[in-house]
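# Fold and geometry: a report
Here is how the chains run, residue by residue.
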Amino acid sequence: MKRILPFLFILIRSCSSLPDSPQLYHASLVYFTDNPSTNPDALKYIEDGGLVIDSGKIVFSGVYHDAKNAFPNARIHDYSGKFILPGFIDTHIHYPQTEMIASYGEQLLEWLNSYTFPTEKHFASKSYADSIAAFFVDELLKNGTTTALVFGTVHSSSVEALFEQAESHHMRLIAGKVLMDRNAPDYLLDTPESAYEESKTLIERWHHKDRLSYAVTPRFAPTSTPEQLGKAAQLLQEYPDVFMHTHLSENKGEVEWVKSLFPNNKGYLDVYNHFGLTGSRSIFAHSIYLTEQEWDVMSSTESGIAFCPTSNLFLGSGLFDVQKATQKNVKVGLGTDVGGGTSFSMLQTMNEAYKVTQLRKAFAVNPSEEKPLSALQAFYLATLGGAKVLNQEAFIGSLEAGKEADFIVLNPHSTDLMNLRMSKTKTIEEKLFVLMMLGDDRTVEQTYVLGDAQK
Ligand code: GUN
Ligand code: ZN
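Residues numbered from 1 in each chain as written. Chains lettered and ligands numbered in written order. Predicted model: local features only at pLDDT ≥ 70, side-chain atom pairs only at ≥ 80, totals over all residues. Heavy atoms only, no water.

## Let's talk about the site of ligand 1
All residues in the neighbourhood of ligand 1 are listed as H94, Q97, L108, W111, L112, R219, F220, H247, E250, H286 and D337. Between ligand 1 and the protein, one listed contact pairs an oxygen atom with a side-chain N or O atom of Q97 at 2.9 Å. At 2.7 Å from a nitrogen atom of ligand 1 is found a side-chain nitrogen or oxygen belonging to D337. Summarising the interface, the protein chains cover 100% of the accessible area of ligand 1, which totals 280 Å² for the free molecule. Judged by the fraction of its atoms near the pocket grid, ligand 1 is located in the largest cavity. Element by element, the count of residues in the shell around ligand 1 is highest for helix α3 (residues 108-120), at three residues. (Near = heavy atom within 4 Å. Polar contact = N/O pair within 3.5 Å; in protein donor to acceptor, adjacent residues only side chain to side chain. Areas by Shrake-Rupley, 256 points an atom, 1.4 Å probe, with all protein chains shown as cover. 1 Å grid on protein atoms, 1.4 Å probe; cavity = no way out; pocket = protein on both sides within 12 Å on 5 of 7 lines; lining within 4 Å. Sits in = over half its atoms within 2 Å of the grid points. Helix = DSSP H or I, 4+ residues; strand = E, 2+ residues; numbered from the N terminus.)

## Some words on the domain arrangement of the protein
Annotation of the protein at the domain level lists domain 1 (21-86 + 398-453) and domain 2 (88-389). Here the C-alpha centre of domain 2 lies 29 Å away from the C-alpha centre of domain 1. For the pair domain 1 and domain 2, the summed buried area comes to about 2600 Å², and 69% of that belongs to carbon and sulfur atoms. Across the domain 1-domain 2 interface, the total number found is three salt bridges. Across the salt bridge formed by R211 and E404, the nearest N and O atoms sit 2.4 Å from each other. On inspection of domain 1 and its partner domain 2, the count reaches eight residue pairs in polar contact (both at pLDDT 80 or more). Contributing elements (two or more residues each) for the side of domain 1 that touches domain 2: β4 (75-86), β14 (407-410), α16 (428-438) and β15 (444-449). No other element matches α16, which puts six residues into the side of domain 1 that touches domain 2. When the residues that make up the side of domain 1 that touches domain 2 are grouped by side-chain class, the tally is 16 nonpolar, seven polar and six charged. (Domains from an automatic or database assignment. Buried area = accessible area lost by both parts, 1.4 Å probe. Salt bridge = Lys/Arg side-chain N within 4 Å of Asp/Glu carboxyl O. Nonpolar A, V, L, I, M, F, W, Y, C, P; charged D, E, K, R; others polar.)

## Focus: the layout of surface pockets
Gaps left between atoms show up when a probe the size of a water molecule is rolled over them. Each pocket or cavity is described by its volume, and for the largest pocket that value is around 450 Å³. Taken together, the elements giving at least two residues each to the lining of the largest pocket come down to α12 (322-327), β13 (331-334) and α14 (375-389). The class makeup of the residues in the lining of the largest pocket is eight nonpolar, ten polar and four charged. Lining the lining of the largest pocket are residues from two domains, each supplying at least three of them: domain 1 (21-86 + 398-453) and domain 2 (88-389). (Points joined across faces, edges and corners; volume = space filled by probe spheres on them.)

## Some points on the coordination of the zinc ion (ligand 2)
Binding of the zinc ion (ligand 2) to the protein goes through H92 (NE2), H94 (NE2), H247 (NE2) and D337 (OD), at separations of 2.0 to 2.2 Å. One can describe the site at the zinc ion (ligand 2) as irregular: its four donor atoms subtend angles covering 87 to 169° at the metal. Here H92 falls in the buried class, since its relative accessible area comes to 0%. Using a relative accessible area of 7% as the deciding quantity, one classes H247 as buried. (Donors = N, O, S within 2.8 Å, 3.2 Å for Na, K, Ca; no water. Tetrahedral: all angles 85-135°; square planar, octahedral: opposite > 155°, others 65-115°. Buried < 20%, exposed > 50% of the residue type's maximum accessible area, 1.4 Å probe, protein only.)

## Brief notes about the packing of helix α13 (residues 346-363) against α16
Between α13 and α16, whose axes approach to 6 Å, the crossing angle comes to 100°. As the angle between them shows, α13 and α16 are arranged roughly perpendicular. Together, L347, Q348, M350, N351, Y354 and K355 of α13 and F433, L435, M436 and M437 of α16 make up the contact between the two elements. Looking at the contact of α13 with α16, its residues break down into seven nonpolar, two polar and one charged. (Axes fitted to C-alpha atoms, helices over the stretch in contact; angles between N-to-C directions. Parallel < 35°, antiparallel > 145°, perpendicular 65-115°, else oblique. Contact = heavy atoms within 4.5 Å.)

## Details of empty space enclosed by the protein
All chains considered together, the criterion is met by one cavity of 30 Å³ or more. Lining the largest cavity we find 13 residues, and of these L108, W111, L112, H247 and E250 sit closest to its centre. Ranked by residue count, the leading element in the lining of the largest cavity is α3, at three residues. Residue composition of the lining of the largest cavity, by class: five nonpolar, five polar and three charged.

## Here's the deal with the packing of aromatic side chains
Under the counting rule described, the total for this entry stands at 18 aromatic pairs. For the pair Y95 and F123, a centre-to-centre distance of 5.6 Å together with 85° between the ring planes defines the contact as edge-to-face. Placement of Y95 in the loop between β5 (88-94) and α3 and of F123 in the loop between α3 and α4 (126-142) is noted, with a sequence separation of 28 residues between them. F123 matches Y95 in its accessibility class, with the two residues each being buried. Centroid distance F407 to Y448: 4.4 Å. Interplanar angle 10°. Geometry classified as stacked. (Phe/Tyr/Trp six-rings, centres within 6.5 Å; stacked < 30°, edge-to-face > 60°.)

## A look at α4
Over its 17 residues, α4 extends 24 Å from the first C-alpha to the last, a length consistent with the 24 Å expected when each residue adds 1.5 Å. Buried residues of α4: A129, I132, A133, F136, V137, E139, L140 and L141, and no others. Buried positions along α4 lie against β5, β6 (145-151), α5 (156-168), β7 (172-176) and β15. (Expected span 1.5 Å × (residues − 1).)

## Let's talk about unusual backbone geometry
Working note: non-glycine residues mostly have negative phi, and peptide bonds are mostly trans. For the peptide bond that leads from V338 to G339, omega is 5°, which places it in the cis range. Notably, H208 is not glycine yet its phi reads approximately 75°, a positive angle. In this fold, H208 is placed in the loop between α6 (192-206) and β9 (212-218). In this structure, L450 is a non-glycine residue whose phi angle is positive, near 50°.

Below is the structure:
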């Protein structure tokens with residue numbers, strides 16, 4: 001017996017480090033159970049925390065000591081002094097625009113013609129799309145983004161390339177082929193019929209494959225004829241659990257253009273609403289220039305908004321009213337909107353969201369009514385808020401037991417400057433604020449998808 005014991009010990013030790021055996025992560029845990037704007041108890045912060053993962057799921061989330069007692073055989077990963085959060089959720093991004101990020105000087109409509117459309121032309125080639133899709137997914141993961149709602153181009157193969165890459169990482173990702181049958185160069189146009197058929201083929205092939213979902217993706221009202229918007233609605237009726245993803249009220253010139261293209265509608269959102277494109281699975285990027293009546297429609301239809309601050313500032317589009325969304329009970333998440341947006345980092349996106357709320361205060365008629373975005377609100381938008389916009393909160397967006405194990409490790413000492421500033425902080429709110437103002441991809445020490453380390 002004495003001679004067998006050491007072998008038994010080695011056997012048990014090696015079994016406990018198999019990927020499917022419990023893994024215990026020791027760090028400070030930060031996540032939300034609700035919206036901190038409306039619920040003061042929404043933040044869960046466990047300074048000496050333990051997160052236990054088994055077979056890709058969170059099985060325990062709480063105090064480290066309790067985790068260790070409950071899972072004495074778990075393999076321990078020591079991230080003490082660091083933060084574990086749910087993976088970031090980017091609710092609006094264009095993967096084909098990765099290579100044209102930071103293109104100078106134009107506002108939305110000129111920017112589309114000068115930079116965007118010529119770039120998207122290249123995605124007619126599947127091998128080109130493959131190489132950018134691989135780069136794009138790596139960039140998401142490097143920045144701690146584990147789920148995204150993504151625009152492809154008009155070419156089906158662009159979406160095939162992206163889904164293939166996301167599937168190889170088992171990511172929870174939503175994407176779709178762009179529908180666009182007017183007001184763009186001929187080389188990027190489809191037709192109502194081809195848009196319908198190609199989207200249908202992609203839905204049949206990819207929707208619910210692994211962790212992937214499909215979004216019917218009309219670019220925006222100006223580039224689709226009424227016939228094509230009708231076809232988009234037909235797809236949503238035939239496949240009620242696919243998503244709808246488009247742009248809305250981003251730029252003043254765009255809003256006027258929509259009025260002239262659709263004179264019989266009450267306004268921009270009414271165009272989408274008229275065709276049956278609003279609803280709890282519909283996500284509208286930007287939504288800056290909504291009228292009171294449009295806010296009510298967003299709310300009553302349970303549609304969601306992707307707030308994209310780096311893009312809104314870069315393209316000079318305007319200042320989104322995130323407070324209004326809370327007042328109107330409209331779901332909001334954060335989007336990078338690369339390549340109108342200037343960073344893949346959701347930390348940098350939170351940074352600029354804060355600056356948008358500061359500028360709103362500067363320009364407000366009643367400045368006292370405008371409150372700068374808090375760190376808790378910002379981190380909520382980037383995690384559980386985004387999950388709710390995408391109807392994924394049953395699976396992702398928090399660290400509660402039962403959720404899928406998409407999580408990230410943030411290092412609060414990732415740069416010298418952050419280290420110095422952190423040494424002067426006391427509360428978790430202060431620390432999170434420093435992370436979002438000074439953090440970027442260097443701050444993301446590790447990204448886990450379904451419990452698998454990606455770096
Ligand atoms: N509106 C229509 N297309 C686009 C796009 O590609 N980017 C942004 N930011 N807005 C749009
Ligand atoms: Zn966009």
